[in-house]
Amino acid sequence: MDLNHDEDSQPVSPTGQYFNSSVLSICIIGVLEFEIPIQEDDSLTVKLVQDVFLPINPRFSSIMVQDEKGVKYWKKVEVKPKDHIRVPNFPEGKSIEFYDECFNDYLTKLAMETLPQSQPLWEIHIIKYPTKNAAGNVVFKLHHALGDGYSIMGALLSCLQRADDPSLPITFPAFRTNPQDISIEDSSICKKVPRILSGIGNTISDFVWGVLKSTVLEDDRTPIRSGDDGVEFRPISITTFSFSMDQIKQIKVNLEVSINDVICGVIFLGARLYMQAMNQEKTNASSTALVLLNTRNIAGYKSIEEMVEPNTESTWGNQFGFLHVSVPRFTKKDSSNPLNFVFKAQKTIKSKRDSAAVYLTGQLLETLRRHRGPEGTAKYVRGTLKNSSMTISNISGPVDQLALANHPAKGMYFMVVGVPQSLTITMISYMRELRVAVGTEKGLIHPQKFQSCIEDAFNIMFKAAAESKSGSATPTQIN
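Residues numbered from 1 in each chain as written. Predicted model: local features only at pLDDT ≥ 70, side-chain atom pairs only at ≥ 80, totals over all residues. Heavy atoms only, no water.

A.B. asks: Lay out the side chain of Ser-389 with the relevant residues and their values.
C.D. replies: Positionally, Ser-389 belongs in the loop between α11 (357-386) and β12 (390-395). At a separation of 2.7 Å, a polar atom in the side chain of Ser-389 contacts the side chain of Asp-219. Every residue in contact with Ser-389, bar those within four places of it in the chain, is listed here: Asp-219, Ile-224, Arg-225, Ser-286, Ser-287, Thr-288, Gln-421 and Leu-423. (Helix = DSSP H or I, 4+ residues; strand = E, 2+ residues; numbered from the N terminus. Polar contact = N/O pair within 3.5 Å; in protein donor to acceptor, adjacent residues only side chain to side chain. Contact = heavy atoms within 4.5 Å.)

Shown next as structure tokens:
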């Protein structure tokens, strides 16, 4: 579509162009679970969309267009809310189990559908039937070109209020950095030089390995990776479960690591347990996780006004990088000390965070964009995703219970769909629980079995961390 630019046009970010191209179309599905049934008055939904949702960001009222030079822009258009609101009808008078299956099938279908390019790239689906987790669900589907998880979360939070007192601000977990007490000796040139050299070495190693993993090196085909072309067009199952944030923090304190270290350690151990259970020969096959890293230099969420303001650290959009993290192999030593998975995750992620590989990769993508264009760069990004085994994304959510139009939300989760992978894992904290959502390729991964392995890994890790703190002489064994 060739259009002349006007004052309402905004350029599409490079990442937005990659995620909405001929080789990639990635969306985010967000689910709000409500304690009480959803009202039948659809006019209220239309009013909320018009008065609350659309004003959040101009992109919600824009379509992606291309000028005669091939440059993509956001073009503001008139939005008809009813064109974006879906209210499915299921058979009446059925059991919760029946509606639960209907809801899961609906999410599978929704994940496979592409958003029409002729209208703004979002939809809202209102499911008024009870499921095992909620009296009703509201499902948001937004194209990843609109923004990343941080941006989308900020947008959705602006639609919600605290359930206990709407006049009070929403609170979030404290963002704390690990204190580093640097002594005079540590700051000496003798101490700095090895750290600088190590950082340079890690940067070169991580960058080269990332390029190879995006182009010629593929993970092995395993029970968690089919490795087939077109996997992003296959049906997926979305399952969710929760862990106590208090228990996660207890593991964190006992082991003196970060919450992300604990989460990644649990996922890596659970993945290896699943691979072992499904095909013992593939237990230690080569597997890589892409851990998403928010590249904003901020602590916590900003207001929508701050997020959409240009040239600020919290600018709206896609601001993240991929960390290529090898899933640790399962050894005999790990059987007697499963905490090794946390320590290995901590060591690897810290090394990659301290390197400048994410920055160099960003520069590489920009160079590719200039020489090959957005479509050529999108193919490189697709290779990064396809050649790995899973993506892990984690977002900090509110501590308070929230409500939408006086409907208290008892839970929330999200899933990234359209990714050329067989396994996607996302997490969000809410009301002191970590909600884990797992997207799995149907016919390849058994979702309930995979969930069971992750839960077993968490229980093993929690018990082992407690024994480690108490100095138990009989460490937890993995059977």
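Now that the structure has been shown, we can carry on.
A.B. asks: Please give an account of the sheet that holds strand β3 (residues 62-66) that cites residues and values.
C.D. replies: Strand pairing in a sheet is mediated by backbone hydrogen bonds. Such pairs are either parallel or antiparallel. Taken in spatial order, the 3 strands of this open sheet run β1-β4-β3, and their pairing is antiparallel. One side of each edge strand has no neighbouring strand; the edge strands of this open sheet are β1 (10-11) and β3. With 2 bridges joining them, β1 and strand β4 (residues 72-76) adopt antiparallel strand pairing. Bridge assignment links Gln-10 to a residue of β4, and that residue is Trp-74. (Pairing = 2+ DSSP bridges.)

A.B. asks: How would you sum up the nonpolar core? Please name residues and give values.
C.D. replies: The tendency in soluble globular proteins is for nonpolar side chains to be buried side by side. Formed by 73 residues in total, the largest nonpolar core has its most connected members in Ile-29, Phe-53, Phe-60, Trp-122, Val-139, Phe-140 and Leu-142. When residues of this core are assigned to domains, at least three fall in each of domain 1 (10-162) and domain 2 (194-397 + 421-470). In this view, Ile-29 contacts Leu-107, Leu-110, Ala-111, Val-139, Phe-140, Lys-141, Tyr-413, Phe-414, Met-415 and Val-417; residues no more than four positions away in its chain are not counted. Membership of the second largest hydrophobic core comes to 50 residues, among which are Ile-248, Cys-264, Leu-339 and Ile-425. (Core = buried A, V, L, I, M, F, W, Y, C linked by side-chain atoms within 4.5 Å. Buried < 20%, exposed > 50% of the residue type's maximum accessible area, 1.4 Å probe, protein only. Domains from an automatic or database assignment.)

A.B. asks: Could you give an account of the sheet that holds strand β8 (residues 161-162), with specific residues and numbers?
C.D. replies: Judged by pairing direction, the sheet is mixed, and its 7 strands sit side by side in the order β5-β6-β7-β2-β14-β13-β8 without closing on themselves. Because the sheet does not close on itself, it has two edges, and the strands there are β5 (85-86) and β8. Pairing of β8 with strand β13 (residues 402-404) involves 2 bridges; the strand directions are antiparallel. In the sheet register, Arg-162 faces β13, and the bridge partner there is Leu-402. Lying on the sheet, helix α2 (residues 42-53) is in contact with β5, β6 (122-127) and β7 (136-143); it crosses β6 at an angle near 145°. (Axes fitted to C-alpha atoms, helices over the stretch in contact; angles between N-to-C directions.)

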